[in-house]
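# Observations on the three-dimensional arrangement
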Amino acid sequence: MGCVQSKCYGRCARLCCCHYQPSSLSTDDAGEGADSFRIHETDSPQRRALSSAGGSLGSATVPSAGLCLRYASLTQRGYYPDSLDRANQDSFCVRTNFQANPDLHFFGVFDGHGQFGAQCSDFVRDKLADILASDARLSEDPIKAYQFAFLATNSSLHDSEIDDSMSGTTAITVLVSGGALYVANVGDSRAVAGVWNGNCLLAEDLSSDQTPYRKDEYERVRLCGARVLCVDQVEGSWGDEEDGDGDPPRLWVQNGMYPGTAFTRSVGDSTAESIGVIAIPEVKTVKITPNHLFFVVASDGIFEFLSSQAVVDMVSLRDDCFTSLLLPACIADYIVFCCYGY
């Protein structure tokens, strides 16, 4: 999906699923990490196309649900007319066969920001997954495991050598656990599913953006002492988040023009913590049904310019779930497409 307006970073990954027979899998393919259950069609047109663009393909099974997950990743350098050398600060994580459990698979997108945003997103990508992987509660109580992991990761980032006083990362993650999805979100990235409803495909948001546009988040940070300002206005009303007009509302300390975050939750951003920017995730549980065709996980590089329905429609335009990653209209920072079927 390509550049709309001035902002375009990109990494795409997609996952498709099919019904499988466990006996058809080779034990040589099993293992921890993103390379387990790799697709064996090493010279397929899809693999050649994605490989030439810097992407990759993979697959994993969910035996208890009778699913074979297939995913693809693709990264693209963004285009900023006023900052042509701007680095990609985002990172992406896929860990299949999580905790050596074939029913657990972890996907995450981390959107870094600030001077040390790249270091923050890389740190959180690795630390969060490691803490979750070592938590024995994960398969039985993913919500508690998620909450502990995010807060522990945030503390570890504060204690690291990375200066996160004005830098950090948002995080949107999906844990596939048997026949359910556990979606944990901190920040303004988003997860959305494509769900078949009658004779049409509808977008179902799996997370809620944590920004001052949300009344509950706006009130929470105001109670913590934040001022909420747009570029051309001091408080008050503003338009629809997705209308693309003007600068979004941002958070500022009482007596200064910093930190200026457009989100109300993140990992890192130690200065912003004093005005209510927290690392506590919102976790949503979704049961996978036959009507769930795929899910998309992406940073605001997608959803700043496209609605959830527009993204789902774009994904559904291609018969091949992998070649849809190569659509020139993609405006992703980092994105994960995941499909599952029965």
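Scoring rules and cut-offs
Residues numbered from 1 in each chain as written. Predicted model: local features only at pLDDT ≥ 70, side-chain atom pairs only at ≥ 80, totals over all residues. Heavy atoms only, no water. UniProt positions renumbered as here; feature names shortened; annotations may be inferred. Helix = DSSP H or I, 4+ residues; strand = E, 2+ residues; numbered from the N terminus. Buried < 20%, exposed > 50% of the residue type's maximum accessible area, 1.4 Å probe, protein only. Contact = heavy atoms within 4.5 Å. Areas by Shrake-Rupley, 256 points an atom, 1.4 Å probe, with all protein chains shown as cover. Arc of directions from axis to C-beta. Pairing = 2+ DSSP bridges. Axes fitted to C-alpha atoms, helices over the stretch in contact; angles between N-to-C directions. pLDDT = per-residue confidence, 0-100. Phe/Tyr/Trp six-rings, centres within 6.5 Å; stacked < 30°, edge-to-face > 60°. Lys NZ or Arg CZ within 6 Å of the ring centre and 35° of its normal.

You'll find the chain entered in an unreviewed UniProt entry as protein-serine/threonine phosphatase, with Musa troglodytarum given as the organism. Within the UniProt record for the chain, the comment given under Sequence similarities (unreviewed entry) is "Belongs to the PP2C family."

A few words on the overall build of the chain. Secondary structure assignment for the chain yields six helices and 16 strands. A burial count over the chain gives 53% of its 342 residues as buried. For the chain, the proportion of contacts with a sequence separation of at least 24, taken over those separated by at least 6, is 69%. For the chain, the exposed surface amounts to about 14,300 Å²; the carbon and sulfur share of it is 50%.

Moving on, we get to helix α6 (residues 308–316). Among the residues of α6, Ser308, Val311, Val312, Met314 and Val315 are the ones counted as buried. Within α6, the buried residues cover an arc of 160° as seen down the axis, which keeps them to one side.

Let us now look at the pairing of strand β9 (residues 200–205). When strand β8 (residues 190–197) meets β9, the two strands line up antiparallel, connected through six bridges. Looking at the pairing, Trp196 lines up with Leu201 of β9. In textbook terms, the turn of a hairpin is the stretch between consecutive antiparallel strands, and for β8 and β9 this stretch comprises two residues, one of which, Gly198, has a positive phi near 70°.

Right, let's get into the sheet that holds strand β10 (residues 227–229). Read from one edge of the open sheet, three strands run β10-β11-β12, paired in antiparallel fashion. Only two strands of the sheet have a single neighbouring strand rather than two, namely β10 and β12 (259–261). Each strand axis lies, on average, 30° off the axis of its neighbour in the sheet, ignoring direction. For strand β11 (residues 250–252) and β12, the ladder comprises two bridges, and the chain directions are antiparallel. Looking across to β12, one finds that Leu251 is bridged to Thr261.

The pLDDT averaged across the chain works out to 79; a share of 69% of its residues lies at or above 70. Counting interchain partners and residues more than four positions distant, the pLDDT-below-50 stretch residues 1–42 has 178 contacts. For residues 326–332, every residue scores under 50 in pLDDT, and the model assigns this stretch 39 contacts once sequence neighbours within four places are set aside.

Across all of its chains, the model carries three aromatic pairs by this definition. Here the aromatic rings of Phe107 and Phe295 are separated by 6.3 Å at their centres, their planes lie at 80°, and the arrangement is edge-to-face. Note that Phe107 is positioned in strand β5 (residues 104–113) and Phe295 in strand β15 (residues 292–298), a separation of 188 residues in sequence. Phe295 matches Phe107 in its accessibility class, with the two residues each being buried. Judged by centre distance (6.1 Å) and plane angle (40°), the rings of Tyr146 and Phe150 are tilted. Separated by four residues within a single helix, Tyr146 and Phe150 lie in helix α3 (residues 142–159), roughly one turn from each other. Across the pair, Phe150 and Tyr146 agree in class, each one buried. Positioned above the aromatic ring of Phe148, the side-chain terminus of Arg137 is 5.5 Å from the ring centre.

This part covers unusual backbone geometry. Phi is mostly negative for residues that are not glycine, and the peptide bonds are mostly trans. A cis amide bond, omega 0°, links Tyr258 with the succeeding residue Pro259. Structurally, Pro259 is set in strand β12. The phi torsion at Asn97 lies on the positive side, around 55°, for a residue other than glycine. For Asn97, the location among the structural elements is in the loop between β4 (90–95) and β5.

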